[in-house]
Structures are given as structure tokens and as C-alpha cells.
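Structure assessment
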Amino acid sequence: MIHDPETLRDRAASALLAARARTHTLTTCVDEPDLTAQHSPLMSPLVWDLAHIGNQEEQWLMRAVGGLEALRPEIDSVYDAFEHPRAERPSLPLLPPAEAHSYVAEVRGRVLDVLEKTPLRGDRLVEQAFAFGMVAQHEQQHDETMLITHQLRRGPAALTAPPPPDTSGGVVEAEVLVPAGHFTMGTSSEPWALDNERPAHHRLLPAFHIDTVPVSNAAYLRFVEDGGYREPRWWAPEGWRMVCENNLKAPLFWRHEGGEWLTRRFGVTEPVAPEEPVLHVSWYEADAYARWAGRRLPSEAEWEKAARWDPRTGRSRRYPWGNDDPRPEHANLGQRHLRPAPVGSYPEGRSPLGVRQLIGDVWEWTSGDFLPYPGFQAFPYPEYSEVFFGGAYKVLRGGSFAVDPVACRGTFRNWDHPVRRQIFAGFRTARDAGPEEA
Ligand SMILES: [Fe+2]
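This section reports on the structure supplied with the text. The written sequence of each chain sets the order in which its residues are numbered from 1. Local features in this predicted model are restricted to residues whose pLDDT is 70 or higher, and side-chain atom pairs enter the listing and the counts only when it is 80 or higher, whereas totals over whole chains, interfaces and linings include all residues. Values reported for side chains reflect all heavy atoms of the structure, with hydrogen atoms and water molecules removed beforehand.

**A few points about the sheet that holds strand E8 (residues 363–369)**
Strands in a sheet are paired, the pairing made by backbone hydrogen bonds, and the direction either parallel or antiparallel. Stated formally: A pair of strands is considered paired only if DSSP assigns at least 2 bridges between the two. Helix and strand labels come from DSSP, where a helix needs a run of H or I of at least four residues and a strand needs a run of E of at least two; each type is numbered from the N terminus.
The mixed open sheet is built from four strands, whose spatial order is E10-E9-E8-E11. Either end of the sheet is taken by a strand with one partner, and the two such strands are strand E10 (413–416) and strand E11 (425–426). Inspection of the sheet shows E8 paired to strand E9 (residues 394–397) by three bridges, in the antiparallel sense. Note on E9: the bridge partner recorded for Glu364 is Arg397.

**Observations regarding the layout of surface pockets**
Filter applied, for reference: Note on definitions: the grid is 1 Å and covers protein atoms alone; a cavity is a set of points where a 1.4 Å probe fits but cannot get out; a pocket is an open set with protein on both sides within 12 Å along at least five of seven lines; lining residues have an atom within 4 Å of a point. Grid points are joined across faces, edges and corners, and a volume is the space filled by probe spheres set on the points. For every domain, the bounds stem from an assignment made automatically or drawn from a database. When residues are grouped by polarity, Ala, Val, Leu, Ile, Met, Phe, Trp, Tyr, Cys and Pro land in nonpolar, Asp, Glu, Lys and Arg in charged, and all others, Gly among them, in polar.
Here the largest pocket defines a volume of roughly 1400 Å³. As for the largest pocket, its lining consists of 48 residues, of which Ala81, Arg86, His142, Phe388 and Trp415 are closest to the centre. Of all the secondary-structure elements, those providing two or more residues to the lining of the largest pocket are helix H3 (46–65), helix H5 (130–152) and E10. With seven residues, H5 is the single largest residue contributor to the lining of the largest pocket. Each of domain 1 (5–152) and domain 2 (162–438) gives at least three residues to the lining of the largest pocket. Of the volumes computed, that of the second largest pocket is approximately 560 Å³. Along the walls of the second largest pocket sit 23 residues, with Ser189, Arg315, Ser316, Arg318 and Asn323 positioned nearest its centre. Class assignment of the residues belonging to the lining of the second largest pocket gives a composition of four nonpolar, ten polar and nine charged.

**Comments concerning the side chain of Thr212**
We apply this condition: Partly exposed describes any residue whose relative accessible area lies between the buried limit of under 20% and the exposed limit of over 50%, with all areas from a 1.4 Å probe on protein chains only and scaled to the type maximum. Contacts described as polar in this section are N or O atom pairs within 3.5 Å, which, within protein, must combine one atom able to donate a hydrogen with one able to accept it, while residues neighboring in sequence count only if both atoms come from side chains. The contact criterion used throughout is that any non-hydrogen atoms of two residues lie within 4.5 Å.
Within the secondary structure, Thr212 sits in the loop between strand E4 (208–211) and helix H6 (217–225). For Thr212, a relative accessible area of 4% puts it in the buried group. At a separation of 2.7 Å, a polar atom in the side chain of Thr212 contacts the main-chain carbonyl oxygen of Glu173. Residues within four places of Thr212 in sequence aside, it is in contact with Val171, Glu173, Ala174, Glu175, Val176, Gly354, Val355, Arg356 and Arg428.

**Structural notes on the packing of H6 against helix H8 (residues 283–292)**
Between two packed helices, the angle of one axis relative to the other and the distance separating the axes together describe the packing. Which entries qualify depends on this criterion: Axis definition: a line fit to C-alpha positions, over the contact stretch in the case of helices; interaxial angles, taken between N-to-C directions, run 0 to 180 degrees. Here the word oblique covers every angle except those under 35 degrees (roughly parallel), over 145 (roughly antiparallel) and from 65 to 115 (roughly perpendicular).
Packing of H6 against H8 brings their axes to within 10 Å, and their N-to-C directions diverge by 80°. As judged from the angle between their axes, H6 and H8 are roughly perpendicular. On H8, the residues touching Ala219, Tyr220, Arg222 and Phe223 of H6 are Glu285, Ala288, Tyr289 and Trp292. Counted by class, the contact of H6 with H8 contains six nonpolar, no polar and two charged residues.

**Side note on the packing of H3 against helix H4 (residues 97–117)**
Defined as follows: By definition, any crossing whose near helix is turned counterclockwise from its far helix by less than a right angle is left-handed, and any crossing with a clockwise turn is right-handed.
Contact pair H3 / H4: the axes reach a minimum separation of 9 Å and the direction vectors enclose 25°. Of the possible angle classes, the one that applies to H3 and H4 is roughly parallel. Seen along the crossing, H3 lies across H4 with a hand that is left-handed. Counting all contacts with H3, which are made through Val47, Leu50, Ala51, Gly54, Asn55, Glu57, Glu58, Leu61, Met62 and Val65, the residues of H4 involved are Pro97, Ala100, His101, Tyr103, Val104, Val107, Arg108, Arg110, Val111 and Val114. Residues of the contact of H3 with H4, tallied by class, amount to 13 nonpolar, three polar and four charged.

The following block contains the structure:
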């Protein structure tokens, strides 16, 4: 908890500023036709995301927190994500790129005034500058969405970044034993945690083993070359249907050419890097691989215990490495790099039990459905999380290289359809421990 209002204002303002710098990069590195085009029916035109970011900021920070009059009330419906599925967004009367840029800048100017004038206490929406943190996370999440659009976009590369440092090495054991017992899941104290991460509660888990590192391309390739995509016994029935209907043979963006596996990344074709975590696999592919390997996906609670539980105190940390905010040596976050680091990297980000790369690099599919924690309360509105509970969504944890630290915690929960492949998702596997190990 931060008690000094000026420190809170600084924190909120820099989170908003960082998000806007990234939005700017993602929406100025391509030309106007690229901004208004729909690069995939799965995605919105980039210019929709841009104005939607501003419209949400207008609704929450200008109007709800600041009590200011609406700037552009007539566009609320165009940028309502629930009203318009992605496929139909190109046909909406969208603000043209220049107008969208000036709209988001105008909203931001007024929001910075609101931040200066709002007493950051008394109301849950503004306590600890929550609404500002929520809006900064929202913008960063759309930045990740826009990065996915860039990945799906055809044409020459528009973005570049240096590769992550290779700090892999020193991983001795393929898996780690997490002993049986209680641990604290979720949070009641993290100021900017979203409703679905709350409240903190105890979970009792039997002992289990979990992979020290995410599943690599080399490991996944063994499944591919062992005929994994031709063998129904490894697949959940709906997963097998997905393989057959789409004639899937490998992760999205892979192709086999001239005796080698290639992948396309942000406009550049390159050989599949064996040491990197596998990326762009659906939940069904992760589930099938795990079954082929004689293992299973970890449950969401197992993932979080492996990431946060400290055997020396019995408490749960904010992050695997401790309670400090992420630094570059901890994890591959924030689009500093446009790819995951080799498996085994980021030794300084490992958990107390020695599990690596839980935060950053690739989102990790877990076995579980997206459900509320005991004692869940929708905040600030049911559409944030509640309407998704119990739907056909699987939970992803840990964040990818495309996730900003402000939108990533040991408790952070993401969810998506089990067929999704364009997201920056991979996985690690787990297995039950034997009775003698518990
Ligand atoms: Fe949104």
C-alpha cells in the first residue's frame, strides 16, 4: 500500500505514460491503410483498438472518476467491445487514424487534470489510484492485442527489437517437486489487482511435479515428428475435431520447407529456434502434447503455488523472485524483445523452488476453466470478469514478452478459448507425485 498521494499520482501517471508510448509505437509504425485494414477476422483494425483505448479512458477516468462532461458520447457504442464482435468492427463508422490520435490525446490531457484534482481515497474506485491503474492495464492489454495483429499482418517487418539475452544454463533438473500442503492463492492486498484475482484464500494441494522451464520447440517438435497431429488418442475430442477440420500439422505460423521447420515472426521468416519455448499453440495442442509425454497440464492452483509459494515462510510472494516489481533481469516482459528467451533463461526470476520463466516469455495454458474464487465480488463492473466465468474459457498464467509489468503479477489471470492459437501462448507440463514423495 502507498500512503503518500503524490507517490500514487506519480505511479499512476507513469503507468499511463508508458502505455501511451507503446500505443504510439504500435500505431505509427505502419501507414494509414494498414491501420484501417482488418488483418485477420480474429482481430480488430488497429485504429479501432486505438480509439477504444481512448473511449474507455474517457468513460472511466474523465466521466466516472472526474465527473466531467462527455467529450464524444456518440462514439461510445462504436467502441463497445460487447456490442460489436471483432469481425464486424471494420464496417463500423470508425474515427479515421488522425482523428483517433487526436481524440486519445485530448482525453489524456483531461485525465491528467483529473489525476491532479482527485483525492485518492474514500471511494474504492480511486483508493490507491485503482481506476488509473485499471485503465493503464487496459491500454497495455490492447497493446498486446495490437501486437498480435502485427504478428498476423502480412508484409514486411514494421517492428524491430533486439533478441533477449541468453541467460539459460544451470538448469539441472527437468522438473521440480512441489510438496503437499496449503498455500495462499489470489490476493486481497495488491492495489491494482483486478476483481478476478481476489480475494486471497487458502488452497490445499497434493504434491506434484512441474516442469522447471516451459516446453521448448525442440521438445514440441518430437511430438510433431512422432505423428502427434495424426494420432487421435492424444487429443480431447473437440481438439481432434479442430485438427481434422483445419488440417493442422504444427503450431500456427510454422511451415515445413526444404527439410526444415520455419516460422514467421513479425514479417520475418526464420528457422524454428529449438531452444525457445513453443509459441502459438492452442490449449488443445498443449493438452495433447502433455498426454503424449505421459504428463498433464498443471491446474491453475498448481501453477500459482509453483510461482508464489515460499517454503521458508509459508507465504505467497507477489512474483516468483519476491515482492519487488519486475526488473529486466527478472523476466522478459514489456515488448522489450519480440520473442521469448531460450528455456532456462532469467535465473534471477526463478521461484523459491527453482521454477524458471513463470513470468514473461510465453503465456502458459493451465488445465482449468475460468471460474470465480470463493468470495468473489464483481468490481468495478460485471463485464470485467464475471460474465466470462463458467464459459468455454481456459486460464492462462504468467504473461508473455508482450505483456507489460503493470498488467502482470503472480496472481494475474488471463482466459481464452481453447482453440486460440494467435495469442502469445505456450505451456509447461506437470504430473502427480507418488505417495512416497508427498
Ligand atoms: Fe477493451
